[in-house]
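# Residue-level structure breakdown
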2 protein chains.
Amino acid sequence: MTRDDLDAAQRAALLGLIGDLADLARAETLQWFRRADLVAADKGDGVFDPVTQADRAAEQALRAHLARHRPEDGILGEEFGTEPGASGLTWIIDPIDGTRSFISGSPCWGVLIALADARGPFLGVIDQPYIGERFIGGLGVAQVIGPQGAAMLKTRSTTDLSQATLFTTFPEIGSDAERAAFVRVADQVRLTRYGLDCYAYALLAAGHIDLVIEAGLNPYDIAAPIAVIEAAGGIVTDWQGGRPGQSGQMIAAANPVLHAQALALLQKSDARG
Amino acid sequence: MTRDDLDAAQRAALLGLIGDLADLARAETLQWFRRADLVAADKGDGVFDPVTQADRAAEQALRAHLARHRPEDGILGEEFGTEPGASGLTWIIDPIDGTRSFISGSPCWGVLIALADARGPFLGVIDQPYIGERFIGGLGVAQVIGPQGAAMLKTRSTTDLSQATLFTTFPEIGSDAERAAFVRVADQVRLTRYGLDCYAYALLAAGHIDLVIEAGLNPYDIAAPIAVIEAAGGIVTDWQGGRPGQSGQMIAAANPVLHAQALALLQKSDARG
């Protein structure tokens, strides 16, 4: 099945279910956040890539919940891989996007949960458990619920790069060529900021910033941001202007005009890593 | 007068008052946070240095409160300069430390309020209004109150740089020489992260990270972090190991052992900008 096959009751049920999943992940991750005995393991690829017990515990809780309530759907998760489904729908989950923030006590990590059909993600949640803030987009919904209540998600109308605020997580983004491409955009914007992981996508969806450019992403990093940002009126592609995929490159923009300007700079020379 | 002249009742009153000031700043700044019509002005020095109406409104509210309740004390504020006092005590306030975070919608800005005598800051608050989280240190108190309740502030016991987490706000920190000195430390630590402004000092005081190294700071940026970190068991100096002052350089460490290791690397060659 695809998103187009869902009737109103099914859509409402899926919106309820993704909220339940986010609640589960919130409880699991908060148990571990800022605990003195939190141990970060090295995944062994030579790069410091912390995986916490919280990450694994939360993904297991979400998989168990989905097994009970959506046994026909597939699952793609960061920690425990792919479980094929029969329905044509796949849940894509990253219980803690931003593990480096998580182990540093910074609140700018997030729970990512998305639902995709063959065309891609069409429902997503970016949840920040410590702040108690949830950004949800898809199936007619584009909303943030947080400390100041509920509000619509709507991307900004900035159409001039010189007025734009750009975020990326690591200043040393990607390969040398990717870094050079990023700098071509960063040199033209008003403000470049670092370090927020998925929270930057939430800020873009909520209309506070204009661009997020990343490299080296994994499939479970990009699904929920795509759904939330598209629901809020933004646009997300890879650095070639196509659907984000295996390249790990992604550019999210508040609107198509800004997207085209930034994309042109990324592509000035070959930016593939 | 100095901190040593304060009796128990005066100490309690000052702890109450700094909480009231933080409450006032919280209300003023939250009115403006994430508002679509927030306008950031350019201070005109060629660098993008946003000043918001929230910054000014909050500082005015704090100054008015202090004029009523502590008319003898001096005030040093980011927006409206120095007002000399007769008591020997000075309030040092930065209503929004991290204006770039503030205008980007990121929750990692903070309200900084400190009280100093001739020896320096001895009471401080780092408050994050959106999260509802307050870090307070001095006069026998070292505490965080936030979404998960209250907890003691206590810095970490990490004594090996290779296990340390380091934060700074801007990857392009300071002058070329300052940047080189910073990189000597960053090359030795386990993890380097960017972008949290004063919130990084709060994380250090709360025992989640080990080092914060900054350059280009102003006097109103450093007073509250010094008080909060020292109350939590940490150590804060300039890059020469002395009291932070006009150089704008500051290193905050979880403990003296780690501080000595990082300081030695900063000083390997002349790191003054």
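Up top you'll find the structure we're talking about.
Turning our eyes to something else, we now look at the overall build of chain A. For chain A, the helix and strand inventory stands at 7 helices and 15 strands. Relative to its length of 273 residues, chain A is compact, with a C-alpha radius of gyration of 18 Å against a globular reference of 19 Å. Expressed along its principal axes, the backbone C-alpha trace of chain A runs to roughly 50 × 45 × 40 Å. Here chain A holds 273 residues, and the buried ones make up 60% of them. Once local pairs closer than 6 in sequence are excluded, the contacts in chain A between residues at least 24 apart make up 62%. Accessible surface, chain A as shown: approximately 10,200 Å² in total, 50% of it carbon and sulfur. Charged side chains in chain A number 22 positive and 34 negative. The centres of these two groups are separated by 4 Å.

Residues and elements named next belong to chain A. The strand order across the open sheet built from 5 strands is E12-E11-E13-E15-E14, with neighbouring strands paired in mixed fashion. One side of each edge strand has no neighbouring strand; the edge strands of this open sheet are strand E12 (191–194) and strand E14 (235–237). Strand-to-strand twist of the sheet, defined as the mean angle between neighbouring strand axes without regard to direction, takes the value 15°. Bridge count between strand E11 (residues 165–168) and E12: 4 bridges; the pairing is parallel. Among the inter-strand pairings, leucine 166 is bridged to a residue of E12, identified as threonine 192. Helix H6 (residues 219–231) contacts E14 and strand E15 (250–253) of the sheet and is inclined by roughly 20° relative to E15. Of the strands in this sheet, strand E13 (211–214), E14 and E15 are in contact with helix H7 (residues 256–266), which crosses E15 at around 150°.

Before going further, it helps to examine the packing of aromatic side chains. Residues and elements named next belong to chain B. All chains considered together, the criterion is met by 10 aromatic pairs over all chains. Relative to tyrosine 130, the ring of phenylalanine 33 has its centre 5.3 Å away and its plane inclined at 65°; by these criteria the two rings are edge-to-face. With phenylalanine 33 in the loop between helix H1 (8–32) and strand E1 (41–42) and tyrosine 130 in the loop between strand E7 (120–128) and strand E8 (133–138), this pair connects stretches of sequence that are 97 residues apart. In this structure, phenylalanine 33 and tyrosine 130 share a single accessibility class: buried. Relative to tyrosine 199, the ring of phenylalanine 135 lies with its centre 6.1 Å away and its plane at 90°, an arrangement referred to as edge-to-face.

As a further point, take the pairing of strand E5 (residues 90–97) of chain B. Residue and element names in this part refer to chain B. With 7 of 8 residues buried, E5 lies mostly within the body of the structure. Pairing of strand E3 (residues 74–77) with E5, which is carried by 4 bridges, proceeds in the parallel orientation. In the sheet register, glycine 74 faces E5, and the bridge partner there is threonine 90. The pairing of E5 with strand E6 (residues 110–117) spans 6 bridges and is classified as antiparallel. Its bridge partner being in E6, isoleucine 92 is matched across the sheet by alanine 114.

Thresholds, definitions, all that
- Residues numbered from 1 in each chain as written.
- Chains lettered and ligands numbered in written order.
- Predicted model: local features only at pLDDT ≥ 70, side-chain atom pairs only at ≥ 80, totals over all residues.
- Heavy atoms only, no water.
- Helix = DSSP H or I, 4+ residues; strand = E, 2+ residues; numbered from the N terminus.
- Rg over C-alpha atoms; globule rule 2.2 N^0.38 Å.
- Buried < 20%, exposed > 50% of the residue type's maximum accessible area, 1.4 Å probe, protein only.
- Contact = heavy atoms within 4.5 Å.
- Areas by Shrake-Rupley, 256 points an atom, 1.4 Å probe, with all protein chains shown as cover.
- Lys, Arg positive; Asp, Glu negative; His and termini not counted.
- Charge placed at Lys NZ, Arg CZ, Asp CG, Glu CD.
- Pairing = 2+ DSSP bridges.
- Axes fitted to C-alpha atoms, helices over the stretch in contact; angles between N-to-C directions.
- Phe/Tyr/Trp six-rings, centres within 6.5 Å; stacked < 30°, edge-to-face > 60°.

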